[in-house]
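An overview of the molecular structure
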Amino acid sequence: MKIKCPYCGVRDQGEFSYEGDATIKRPQTDDADAWREYVYSRNNPRGPHKELWSHIAGCRAWIVVERNTLTHEVYNSYLPGENKDD
Amino acid sequence: MRYSGFNLIKNALSGHKNWQPAWRDPEPKSDYDVLIIGGGGHGLATAYYLARNHGITNVAVLEKGYLGGGNVGRNTTIVRSNYMLKANAHFYEHSLKLWEGLSQDLNYNVMFSQRGVLNLAHTPGQMDAYARRANAMRLNGIDAELLDREQTRQFIPMLDYSENARFPIAGGLLQPRGGTARHDAVAWGFARGADLRGVDMIQNCEVTGFLRDGNTIQGVETTRGTIRAKKIGLAVAGNTTTLTEKLGMRLPIESHVLQAFVTEGLKPFIDTVVTFGAGHFYISQSDKGGLVLGGDLDYYNSYAQRGNLPTVEHVLECGMAMLPSLSRIRILRHWGGVMDMSMDGSPIITKTSIKGLYLNCGWCYGGFKATPASGWVFAHTIANDQPHEYNAAFTLDRFEKGYLIDERGAGPVPKAH
């Protein structure tokens, strides 16, 4: 698998560290259900997935990667905050 | 037909032409008392114990592929109960006790071999942690022995005990009653046992949707038609969330790929199961002679039933550090299975908020050894609509209530368990 870092270009997956689902949002409330969902519940899709990776053996930037969990195809990658829909 | 020496001779004399298939291949009926989704080890064991322990035989097991084609046929066959936390310890020890009588009970040789499971330690801190775990195990009535470096060398002499070892071996934690079993035979044995008691095995039957009346489950839509049932148990670890998604449930689970490897066949070389303590690596030898080994997850969400090369390299590096003689052995095959990685590393076997729907999932790396007990307690939960004492802690609401069963203390990071 190869991942494109916005700063360093296309690099081998081994340079990156995986963090997980990029779509979960920290709740702006003290509601227990919202916090359970945030800490523990995941959509875990079988197909396209937005996820956070860190270019740990490179520029160390956090990036959002859109990747297919079934085929491992990487569609897109960008810096967090760049996509207004996230 | 009961398998016995007598029947073997009888069939040999008739040229082995009269053996019957081990299970039928029936058409699905329109209605069952209980449906089990997933014809892997846990689903088949559940169907078997529903019939054997609870007399519930109007049961079908629905399998989207073929019986035993998923993780039960893809694991590294290790059986152990060396857990520290109470809920896990009692559950896995119940499983190990069932393993000890399983071949007799099923009248099917699952080739369970109690050759011991040894976890290596490489630092004084690890030895302390193993002493603590061994004490916890013994207090729970489970066998455990702490070996020092010399005892470890006597037990398994072919590891790297030299001055050059990157991670010198300090000792290890041995569970003598642990071992391995023939994974396919476990699936086949449970399938045959359930079939003999009247359970229908429906293969090539993928569940595509659920029938509900309000908050009560009524059946499933499948690629082989609609099938109704009063109770439905899900045992589809790896793909649990793709089914629960159809019910609007989100679970504390991520799917990750775990790879396994087998080498070319060798003469008897390793007569136990040994795990590396300075990285994630485990190895044993199959009865055919191949070394069976594995290591870490691939570390990112994946449903691909295949691995990726960086992990292959990492696993084999760990192997070489522990057992340098691996260097000249060729890998014959490697493959991947999809794990339900739960948020605390422990399974979920429970009723749900939907009446008549039961969940068996979140097995992480540990599903194979749990197969008999998982079936045992899941059958109990389905039959009685309440958990068995050994799965009472494996609930879904433990996450919101703070009763996590986090053996590794790794927190809500599925890949870390």
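Above this text you will find the structure in question.
For the structure given in this document, a descriptive report is provided here. (Residues numbered from 1 in each chain as written. Chains lettered and ligands numbered in written order. Predicted model: local features only at pLDDT ≥ 70, side-chain atom pairs only at ≥ 80, totals over all residues. Heavy atoms only, no water.)

Here's the deal with the overall build of chain A
If you tally the helices and strands in chain A, you get one helix and six strands. Along chain A, from the amino end to the carboxyl end, the secondary structure elements read β-β-β-α-β-β-β. For chain A, the spread of C-alpha atoms along the three principal axes comes to 40 × 25 × 25 Å. Within chain A, the fraction of its 86 residues that count as buried is 37%. Within chain A, counting contacts between residues at least 6 apart in sequence, those at least 24 apart form 45% of the total. When the accessible area of chain A is evaluated, it comes to approximately 4,900 Å², of which 47% is carbon and sulfur surface. For chain A, the distance from the average position of its 12 positive side-chain charges to the average position of its 14 negative side-chain charges is 5 Å. (Helix = DSSP H or I, 4+ residues; strand = E, 2+ residues; numbered from the N terminus. Buried < 20%, exposed > 50% of the residue type's maximum accessible area, 1.4 Å probe, protein only. Contact = heavy atoms within 4.5 Å. Areas by Shrake-Rupley, 256 points an atom, 1.4 Å probe, with all protein chains shown as cover. Lys, Arg positive; Asp, Glu negative; His and termini not counted. Charge placed at Lys NZ, Arg CZ, Asp CG, Glu CD.)

Focus on the pairing of strand 4 (residues 48–54) of chain A
Bridge count for strand 3 (residues 17–21) of chain A against strand 4 of chain A is four bridges, and the pairing is antiparallel. Looking at the pairing, A:Ser17 lines up with A:Ser54 of strand 4 of chain A. (Pairing = 2+ DSSP bridges.)

What to know about the environment of B:Ile253
Mapped onto the elements of the fold, B:Ile253 is located in strand 12 (residues 253–265). The spatial distance from the C-alpha of B:Ile253 to the C-alpha of B:Gly15 is 51 Å, given a sequence separation of 238 residues. The residues contacting B:Ile253, other than those within four sequence positions of it, are A:Tyr40, A:Arg42, A:Asn44, B:Thr241, B:Asp340, B:Met341, B:Ser342, B:Ile348, B:Cys361 and B:Gly362.

A few points about the sheet that holds strand 5 (residues 62–68) of chain A
All names here are of chain A. Strand order in the open sheet made by the four strands is 3-4-5-6, with antiparallel pairing throughout. Edge positions in the open sheet fall to strand 3 and strand 6 (74–78), since each of these has one partner strand only. Sheet twist, expressed as the mean angle between neighbouring strand axes with direction ignored, is 30°. Sheet analysis places strand 4 next to strand 5, joined by seven bridges and oriented antiparallel. Paired with histidine 49 across the strands is arginine 67, a residue of strand 5. (Axes fitted to C-alpha atoms, helices over the stretch in contact; angles between N-to-C directions.)

Here's the deal with the pattern of salt bridges
Residue and element names in this part refer to chain B. For the coordinates displayed, the defined rule picks out 22 salt bridges over all chains. Note that aspartate 195 is salt-bridged to arginine 24, the shortest N-O span being 3.1 Å. One end of the pair, aspartate 195, is in helix 6 (residues 183–196); the other, arginine 24, is in the loop between helix 1 (5–13) and strand 1 (31–37), with 171 residues separating them in the sequence. Residue classification places aspartate 195 among the buried positions, given a relative accessible area of 9%. A salt bridge links aspartate 105 to arginine 52, with the shortest nitrogen-to-oxygen separation between them at 3.1 Å. Taken together, the residues span a long stretch of sequence, with aspartate 105 in helix 3 (residues 86–106) and arginine 52 in helix 2 (residues 41–54) at a distance of 53 residues. Overall, the relative accessible area of 27% leaves aspartate 105 in the partly exposed class. (Salt bridge = Lys/Arg side-chain N within 4 Å of Asp/Glu carboxyl O.)

So, the layout of surface pockets
All names here are of chain B. Of the pockets and cavities examined, the second largest pocket occupies roughly 580 Å³. Of all the secondary structure elements, the ones that give two or more residues to the lining of the second largest pocket are helix 6, strand 12, strand 14 (281–285), strand 15 (290–301) and strand 16 (331–342). The biggest single contributor to the lining of the second largest pocket is strand 12, with four residues. Of the residues assigned to the lining of the second largest pocket, the class counts are six nonpolar, 13 polar and eight charged. (1 Å grid on protein atoms, 1.4 Å probe; cavity = no way out; pocket = protein on both sides within 12 Å on 5 of 7 lines; lining within 4 Å. Points joined across faces, edges and corners; volume = space filled by probe spheres on them. Nonpolar A, V, L, I, M, F, W, Y, C, P; charged D, E, K, R; others polar.)

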